[in-house]
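These are the residues of each chain, in order.
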Amino acid sequence: MSDAGSNWVNVAVDHMSWQNFTTGELSRPFQGKDCESIYDSGTEPLTSALSSEESTTPCLIADARRPPAPACRNTIASIKYTIHHNGDVQNKGKQQIVAVNATIVLTDIPAAVTDEDGLVVVQQEYSVQFRSDADVPPSMKSGNPGYIFGRPIPVIPHRIGYLGVLGAIADEACTDHKINMVTFGVNVHSGCLLKLNRSELRDFCVGNGPHAAGKGLPRYFNTSHIFNAAFEMTDYRVGIFGNAADPRDNSQWLKLPRPTRNDADWQERSGSCKNAITSMNYRFIWTYVGAQGNPQAKIIGARISFGTSDINYHHSTVPSTSQSISITATATFVKKDSDFVDYSPPSPPVAISVPHDVWYPFKIDSHSDRRTPFLSLSWIFAASLVVAN
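Quick look at the structure, then.

1. Considering the pattern of salt bridges
Close approach of charged atoms allows side chains with opposite charge to pair.
Link 1 in the chain: Within this structure, the stated rule accounts for 5 salt bridges.
Link 2 in the chain: Among the ionic pairs, Glu268 bridges to Arg198, the shortest N-O distance being 3.0 Å. Linking Glu268 in the loop between strand S15 (265-267) and strand S16 (272-289) with Arg198 in helix H1 (residues 198-205), this pair joins segments that are 70 residues apart in sequence.
Link 3 in the chain: The partly exposed category is assigned to Glu268, whose relative accessible area is 42%.
Link 4 in the chain: Between Lys274 and Asp310 there is a salt bridge, with the nearest N and O atoms lying 3.8 Å from each other. Taken as a pair, Lys274 in strand S16 and Asp310 in strand S17 (residues 296-312) lie far apart in primary sequence, 36 residues in all.

2. Remarks on the packing of aromatic side chains
Link 1 in the chain: With the rule as written, the count across this model stands at 8 aromatic pairs.
Link 2 in the chain: With centroids separated by 4.7 Å and ring planes inclined at 10°, the aromatic side chains of Tyr147 and Phe184 adopt a geometry described as stacked. Within this pair, whereas Tyr147 is found in the loop between strand S6 (125-132) and strand S7 (155-156), its partner Phe184 is found in the loop between strand S9 (174-181) and strand S10 (188-196), the two being separated by 37 residues in sequence. For the pair shown, Tyr147 and Phe184 are each scored as buried.

3. What about the side chain of His211?
Link 1 in the chain: Residue placement: His211 occurs in the loop between H1 and strand S11 (212-214).
Link 2 in the chain: Only 2.9 Å separates the side chain of His211 from the side chain of Tyr220, close enough to count as a polar contact.
Link 3 in the chain: The contact partners of His211, leaving out residues within four places of it in the chain, are Leu194, Leu196, Phe204, Leu217, Pro218, Arg219 and Tyr220.

4. Re the sheet that holds S7
Link 1 in the chain: The strand order across the open sheet formed by 3 strands is S7-S13-S14, and the pairing between neighbours is antiparallel. Each having just a single partner strand, S7 and strand S14 (253-255) make up the two edges of the open sheet.
Link 2 in the chain: Pairing of S7 with strand S13 (residues 237-239), which is carried by 2 bridges, proceeds in the antiparallel orientation. By the bridge assignment, Ile156 is partnered in S13 with Arg237.

5. Observations concerning the pairing of S16
Link 1 in the chain: The sheet contact formed by S15 and S16 spans 3 bridges and is antiparallel. What sits directly across from Trp266, in S16, is Cys273.
Link 2 in the chain: Once S15 ends, the chain turns through 4 residues before running back antiparallel as S16, passing Gly271 with a positive phi of about 65°.
Link 3 in the chain: One ladder, built from 15 bridges, connects S16 with S17; its direction is antiparallel. Following the sheet pairing, Trp286 is matched in S17 by Ile299.
Link 4 in the chain: Here S16 folds back onto S17 in antiparallel fashion, the turn holding 6 residues, of which Gly290 has a positive phi close to 95°.
Link 5 in the chain: Across 8 bridges, the pairing between S16 and strand S18 (residues 323-335) is parallel. Its bridge partner lying in S18, Trp286 is registered against Lys335.

What counts, and where the lines are drawn
Residues numbered from 1 in each chain as written. Predicted model: local features only at pLDDT ≥ 70, side-chain atom pairs only at ≥ 80, totals over all residues. Heavy atoms only, no water. Salt bridge = Lys/Arg side-chain N within 4 Å of Asp/Glu carboxyl O. Helix = DSSP H or I, 4+ residues; strand = E, 2+ residues; numbered from the N terminus. Buried < 20%, exposed > 50% of the residue type's maximum accessible area, 1.4 Å probe, protein only. Phe/Tyr/Trp six-rings, centres within 6.5 Å; stacked < 30°, edge-to-face > 60°. Polar contact = N/O pair within 3.5 Å; in protein donor to acceptor, adjacent residues only side chain to side chain. Contact = heavy atoms within 4.5 Å. Pairing = 2+ DSSP bridges.

Next up, the structure:
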């Protein structure tokens, strides 16, 4: 929206992500530029969906796993508008919109993905949420309220609000500019390569240099939001349901226990880094809860564990030669099967309580009509008077 005076607010693009049309995998959000939908036939120049006057430079994401042509590039998969207002709920009528942001997810639609009728079916999502400047930032909605398969895992605290693991650039080198999103129910195994010579390996092992977050701990595991400088666990939590709502309500979040870890040890003579952390593994246990007709997926257990190994430098004769070291991150989802149990709520309490044999030796037939219990009780009361006399 163009500027049109003080009565209008421009819609600003907060960030954009790219989504794999087939798998639903999301790339790390990036700062958006002008992107336009284009048709890629694979043999002819890219065809713009806009006129020549409106056309902008196509936005192509280099690290995305784009499908081969023919395909429609940069198609909108979803747009989420966030409307910020300074509204005072105590003084209705004085609310004012101060900013509007849009979070956009783009995708490439391959022409080969058709249904039985030869049609390409595309699902797009549009949503609007309102946020007061005084509100606690809302969490992501990934369920209903239980988790929906393929939706992100909300975590607090985290720089992007979702759980992500390390990624790699084109030459498989580790980078901070790529994060693979973890989505519910989808096992993830991601890896990258550290390329270190002997002195760089020594620095990494003792906790120095650009690749280390601690002794033998790669910084690409993004542990700064999980552990402090003393490697003490911060208040790191995952949502038990997809729609974990309030960060202040601990009952909606599951705290991850602190993993065990031993400091790495550098062996100068052999050129070895003992107990270096080479893998970081998330494990989630989930099950269905709620009504049998509408079960909801819930995370009931979560943990982080580190895998260690000894890294030996093999180019002893040429210490300046770089050696590739593989590090990995995984996320595993395990379903806990549980049988559905018939549940009947207890009878409501009565105003008074009497002994269970108060009418002994008389018996009330529960199969009679509605008037029978009343008549039976009346006859029992009369009979008790006769007995008393």
